[in-house]
Amino acid sequence: MTPCMSHPAPARPSTMDRPRRIRMMQKQRHRVSPDETRRGFTLVDLTITVLIMGVVAATASPKFAALLTSYTAEAAARRVAADLNYAASAAAQTSQSVTVTFDVPGDSYGVTGVASPDHPGSAWAVSFTNGSTNVTLVSVDFAASQSVTFNAYGRPNNPGSIILSSGSDSATIVVDAATGRATVQ
């Protein structure tokens, strides 16, 4: 069979090229990709990461503490306002007076005339000295009284205000004379 001129037979590589091809194949076979050489974190990587986390934590810590005290004062004020509104609502529903009495030195208050929603059958008392709230009653003023009585229509005998504090933050609760509604200012 004779080769056709239009389709020449492929040239065979010379024997001189063979050792060079073998060396190239060996280099390619032993070449390692960057993903295979690095399988973990170095000590430098970990040290830099820990340093960055420490700087971020040191920067955020004072702001977080201030936010926490502000939130604590606001949450305690919302609790007192909700309890006052509940007492006014209960007085209107039962057509009986309900009294909320505050104890400023004891940082607590109690509700008489309605059962405790948390512990039915026991006296309704809330103390800010329990737990880690760190909330204090600064002042209570219902026409020079430390208690407010809601009548059968849910209206207070005197309008007034309560001031709570937590750290350097404070919150004020105001009881409206016309509606008996307690709101946080």
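Residues numbered from 1 in each chain as written. Predicted model: local features only at pLDDT ≥ 70, side-chain atom pairs only at ≥ 80, totals over all residues. Heavy atoms only, no water.

**Observations concerning the packing of aromatic side chains**
Remark: the centre distance and the inter-plane angle together describe each pair of aromatic rings, the angle taken between the planes. Under the criterion given, the structure shown has four aromatic pairs. Each ring, one from F102 and one from F142, has its centre 6.2 Å from the other, and the planes form 20°; the classification is stacked. Remark: F142 occurs in the loop between β4 (136-141) and β5 (147-150) and F102 occurs in strand β1 (residues 98-103); sequence separation between them is 40 residues. Each member of the pair, F102 as well as F142, carries the same accessibility label: buried. (Phe/Tyr/Trp six-rings, centres within 6.5 Å; stacked < 30°, edge-to-face > 60°. Helix = DSSP H or I, 4+ residues; strand = E, 2+ residues; numbered from the N terminus. Buried < 20%, exposed > 50% of the residue type's maximum accessible area, 1.4 Å probe, protein only.)

**Quick look at the environment of Q146**
Along the chain, Q146 turns up in the loop between β4 and β5. Of the residues examined, Q146 reaches a relative accessible area of 35% and is grouped as partly exposed. A C-alpha to C-alpha distance of 5.5 Å links Q146 and F102, two positions 44 residues apart in sequence. Contact partners of Q146, with chain neighbours within four places excluded, come to V100, T101, F102, D103, V104 and V140. (Contact = heavy atoms within 4.5 Å.)

**Focus on the sheet that holds strand β3 (residues 124-127)**
Read from one edge of the open sheet, four strands run β3-β2-β1-β5, paired in antiparallel fashion. With one partner strand each, in any of the chains shown, β3 and β5 form the two edges of the open sheet. Going across the sheet, the axis of each strand differs from the next one's by a mean of 10°, ignoring polarity. Relative to β1, helix α3 (residues 43-94) is tilted by about 155°, and along the sheet it contacts β1, β2 (108-112), β3 and β5. (Pairing = 2+ DSSP bridges. Axes fitted to C-alpha atoms, helices over the stretch in contact; angles between N-to-C directions.)

**Thoughts on the nonpolar core**
Counting residues in hydrophobic clusters, the biggest one holds 29 residues, and the most contacted among them are L84, F102, I162 and L164. Within the residue set of this core, elements represented by two or more residues are α3, β1, β2, β3, β4, β5, β6 (160-166) and β7 (169-175). Tallying contributions element by element places α3 first for this core, with eight residues. The contacts of F102, once residues within four sequence positions are left out, are V80, L84, S108, Y109, L137, V140, F142, Q146 and I162. (Core = buried A, V, L, I, M, F, W, Y, C linked by side-chain atoms within 4.5 Å.)

**Here's the deal with the environment of T112**
Tracing the backbone through its elements, the reader meets T112 in strand β2. The contacts of T112, once residues within four sequence positions are left out, are V98 and T99.

**Some details on the sheet that holds β7**
Spatially, β4-β6-β7-β8 is the arrangement adopted by the four strands of the open sheet, whose pairing is antiparallel. The sheet terminates laterally at β4 and β8 (182-184), the two strands that pair on one side only. Direction aside, neighbouring strands of the sheet carry axes that sit 20° apart on average. Direction of pairing for β4 relative to β6: antiparallel, over a ladder of five bridges. Of the residues in β6, the one forming a bridge with V140 is I162. Helix-sheet contacts for α3 involve β6, β7 and β8, and the interaxial angle to β7 is about 15°.

**A few points about the side chain of S116**
Looking at the element boundaries, S116 is found in the loop between β2 and β3. Within polar-contact distance, the side chain of S116 engages the backbone nitrogen of H119 at 3.2 Å. (Polar contact = N/O pair within 3.5 Å; in protein donor to acceptor, adjacent residues only side chain to side chain.)

**Examining α3**
Given 3.6 residues per helical turn, the α-helix brings residues three or four places apart onto the same face. Here α3 contains 52 residues, and its C-alpha end-to-end distance of 71 Å stays within 8% of the 76 Å for a straight helix at 1.5 Å per residue. At S61, α3 shows its largest bend, some 35°, and a proline, P62, comes one to four positions later. Two residues or fewer past α3, S95 is found with a positive phi of approximately 55°. (Expected span 1.5 Å × (residues − 1). Bend = angle between axes of the 7 residues up to and from the residue.)

**Regarding the pattern of salt bridges**
Pairing between side chains of opposite charge can happen when the charged atoms of each approach one another. Applying the stated criterion to the full structure yields three salt bridges. Residues E74 and R78 are paired through a salt bridge, measuring 4.0 Å at the closest nitrogen-oxygen approach. On the criterion of helical spacing, the pair formed by E74 and R78 is a turn pair, its members being four residues apart in helix α3. Where D83 meets R79, a salt bridge forms, and the shortest distance between an N and an O atom there is 3.1 Å. (Salt bridge = Lys/Arg side-chain N within 4 Å of Asp/Glu carboxyl O.)

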